Every structure is written in C-alpha cells, then in structure tokens.
Amino acid sequence: LVNFNYLYKQTTNFMLMKSYILLIVIALSYILTFTSCSPVYIPNVAPTPMLSEKGDAKLDLNYGVSGFDPQLAYAVTDHLGILVNASFADTDGSRDSGYYHRHNFIELGAGYFNKIGEKGLFSIYGGVGFGDISSSYSSGIINNPDLDTRQFRFFIQPSLGIKTDVYEGAIGARFVSLQLLDLNQGSVNYFLEPTITNKLGFKYGKVCLQTGFAVPIMGSNFGYDYHPLMFSFGVELDIGKIIKSPK
C-alpha cells in the first residue's frame with residue numbers, strides 16, 4: 001500500500017527545496033536578463049487552482065516577470081473545472097528609451113481533475129488565449145525594431161500535487177503553441193514550460209509562489225526573443241470556502 005503521509009512529506013520537501021533554488025536563479029537571471037532587454041514573449045503564470053470538488057472557486061492575484069496576472073477558477077462538477085486567466089504588463093520605459101514591453105492577454109480554459117487518496121490531486125487543463133504585444137529594445141550589440149503584433153496561444157497542462165488546508169503544492173508542465181499573427185507570416189512555435197507551485201496559508205487564503213522556465217521545443221522562424229524564466233508571487237482567495245463558511 002502507498003504511504004501517502006510519507007509521500008506527502010517527501011514531495012513537500014522536494015518542491016520547497018527546488019523552489020528556493022529556482023527562486024535564487026530566477027532572481028539573478030531577472031536582474032541580468034529582463035532589465036537589459038525587452039523580450040517579445042513572456043510566459044504568464046501557469047494556472048494551478050488545485051480544484052478538488054464541485055463548488056470550489058479560487059481567485060488568484062499574481063505579480064512577477066509577466067506583470068500582473070489575475071486568475072479565476074471554478075469547479076463545475078467533482079471532476080470538471082473552468083478557468084479564466086489574464087496577464088497585463090507595461091514597462092516604465094518608452095519606445096525612445098530602447099527598452100519597452102507591453103502586453104494584454106486573456107485566456108479561457110477547462111479541464112479534468114481527480115483526487116488521489118486523501119491529499120493527492122491530479123489535473124489536466126487546456127485552453128486558448130489571445131491578446132496583443134508591443135515591444136522594442138536596443139543595446140550596444142543588439143537592436144530590434146518596434147514590434148506590434150497580435151498573439152494567439154493554445155495550451156495543455158497536466159500537473160500532480162498535494163492539497164491540505166494550510167499547504168498546496170504542485171509540479172506541472174505546460175505545453176504551449178504560440179502564434180504571433182503579425183510576425184514571420186504568422187508562423188507557430190512551441191514551448192515546454194515546467195513549473196513548481198507552492199501555496200501556504202490557511203483554508204480561506206494562501207500566499208503563492210511559482211517558479212519555472214520556458215524551453216522552445218519545436219518551430220521555425222522564431223525571429224523574436226522570449227523570456228526563458230518564470231517567477232511570480234501572489235495571493236489566493238478560496239472563494240468557495242469563504243461562501244460556504246458559517247455566518
């Protein structure tokens with residue numbers, strides 16, 4: 001028989017350790033990379049709502065490399081969840097300064113989730129997103145012209161995690177199909193975006209930390225820079241539990 005308590009402790013320690021390491025690496029990379037150029041594609045926060053039963057509802061407010069990323073999730077049944085995600089960013093720079101990035105993005109999704117024992121949880125979500133991007137940057141070596149494009153994106157994301165009243169953690173891998181409609185004849189490129197998500201607090205709300213990275217796996221005519229690292233910090237409200245709580 002599977003010892004879920006032992007598995008829970010080992011998995012929790014593993015995810016926390018990896019998150020701390022990734023946090024240091026990403027913080028350094030953020031300083032060296034993101035402050036010196038303005039990539040066109042910046043991955044938004046990977047949705048990890050940890051829905052487990054009908055009526056669960058989560059509101060997440062995240063801020064990180066991708067800007068401000070609000071997310072909303074709701075469990076329609078004991079196994080079906082729906083998602084609404086968004087991402088907004090606007091750097092302090094301007095086109096004339098040689099460092100500029102702005103994007104507006106919204107994403108709709110749905111998926112399947114299932115409990116594993118008392119604390120385990122498996123989920124797989126998919127969805128489509130669309131928005132616009134404006135970007136330009138230059139340095140002593142690299143000079144990219146101003147770019148304005150619409151984006152269309154499809155994703156599928158399996159994840160495996162642990163859920164308690166005070167802690168939630170998950171390891172996920174998001175597969176992304178990205179099309180910049182006004183660049184390179186609208187060619188499609190593909191990314192793999194593995195993430196580790198940790199949430200700590202109490203049953204009505206938690207502090208969230210997500211780390212990960214983006215790796216191009218297929219495609220041609222990239223012709224643009226992307227941000228390889230993912231980092232976000234935020235808060236999550238368990239709206240379902242708040243509504244169901246005794247008055």
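Conventions we followed
- Residues numbered from 1 in each chain as written.
- Predicted model: local features only at pLDDT ≥ 70, side-chain atom pairs only at ≥ 80, totals over all residues.
- Heavy atoms only, no water.
- Helix = DSSP H or I, 4+ residues; strand = E, 2+ residues; numbered from the N terminus.
- Buried < 20%, exposed > 50% of the residue type's maximum accessible area, 1.4 Å probe, protein only.
- Contact = heavy atoms within 4.5 Å.
- Areas by Shrake-Rupley, 256 points an atom, 1.4 Å probe, with all protein chains shown as cover.
- Core = buried A, V, L, I, M, F, W, Y, C linked by side-chain atoms within 4.5 Å.
- Pairing = 2+ DSSP bridges.
- Salt bridge = Lys/Arg side-chain N within 4 Å of Asp/Glu carboxyl O.
- pLDDT = per-residue confidence, 0-100.
- Phe/Tyr/Trp six-rings, centres within 6.5 Å; stacked < 30°, edge-to-face > 60°.

**As for the overall build of the protein**
Here's step 1: Secondary structure assignment for the protein yields 2 helices and 11 strands.
Here's step 2: Secondary structure of the protein in N-to-C order comes out as α-β-β-β-β-β-β-β-β-β-β-β-α.
Here's step 3: Burial analysis of the protein (247 residues in total) assigns 47% to the buried set.
Here's step 4: Counted over contacts in the protein with a minimum sequence separation of 6, partners at least 24 positions apart contribute 61%.
Here's step 5: Surface exposure of the protein reaches about 12,100 Å², of which carbon and sulfur atoms provide 67%.

**Overview of the nonpolar core**
In summary, soluble globular proteins display a tendency toward joint burial of nonpolar side chains.
Here's step 1: Of all hydrophobic cores here, the largest spans 18 residues; its most connected members are Leu 178, Leu 180, Phe 191 and Tyr 224.
Here's step 2: Ranked by the residues each element gives to this core, the list is headed by strand S7 (residues 167-180), at 3 residues.

**Some thoughts on the pairing of strand S11 (residues 229-238)**
Here's step 1: Note that strand S1 (residues 57-64) and S11 share 7 bridges and pair antiparallel. Paired with Gly 64 across the strands is Ser 232, a residue of S11.
Here's step 2: Pairing between strand S9 (residues 205-213) and S11: 9 bridges, direction antiparallel. Within the sheet, the bridge partner assigned to Cys 208 lies in S11 and is Gly 234.

**A few points about unusual backbone geometry**
When glycine is set aside, most residues are seen to have a negative phi, and most peptide bonds are trans.
Here's step 1: Backbone geometry at Met 50 places phi at a positive 55°, although glycine is not the residue there.
Here's step 2: Locating Met 50 in the fold gives a position in the loop between helix H1 (4-34) and S1.

**So, the pattern of salt bridges**
Here's step 1: By the definition in use, this model includes 11 salt bridges.
Here's step 2: As a salt-bridge pair, Glu 236 and Lys 58 come within 3.7 Å of each other at their nearest N and O atoms. Taken as a pair, Glu 236 in strand S11 and Lys 58 in strand S1 lie far apart in primary sequence, 178 residues in all. The same class applies to Glu 236 and to Lys 58, which are both buried.

**Regarding the confidence of the model for the protein**
Here's step 1: Predicted confidence across the protein gives a mean pLDDT of 83, with 74% of residues reaching 70 or more.
Here's step 2: The spread of mean pLDDT over the elements of the protein runs between H1, the lowest at 52, and strand S2 (residues 67-75), the highest at 97.
Here's step 3: The low-confidence segment residues 30-36 (pLDDT under 50) makes 8 contacts with residues lying over four places distant or belonging to another chain.

**Here's the deal with the environment of Phe 154**
Here's step 1: Mapped onto the fold, Phe 154 is located in strand S6 (residues 143-163).
Here's step 2: With a relative accessible area of 40%, Phe 154 lands in the partly exposed category.
Here's step 3: Between the alpha carbons of Phe 154 and Phe 130 there is a distance of 8.9 Å; along the sequence they are 24 residues apart.

**What to know about the pairing of S2**
Here's step 1: Across 8 bridges, S1 lies against S2 in antiparallel orientation. Residue pairing across strands places Ala 57 opposite Tyr 74, the latter belonging to S2.
Here's step 2: Summarising the sheet, S2 and strand S3 (residues 80-90) pair through 6 bridges and their orientation is antiparallel. Bridged to Gln 71 within S3 is Asn 85.

**Quick word on the packing of aromatic side chains**
Here's step 1: According to the stated counting rule, one finds 3 aromatic pairs in the structure shown.
Here's step 2: Taken together, a centroid distance of 5.0 Å and an interplanar angle of 45° make the contact between Tyr 41 and Phe 191 tilted. With a gap of 150 residues between them, Tyr 41 in the loop between H1 and S1 and Phe 191 in strand S8 (residues 188-202) connect regions that are remote in the sequence. Take Tyr 41 and Phe 191: they sit in the same class, and that class is buried.

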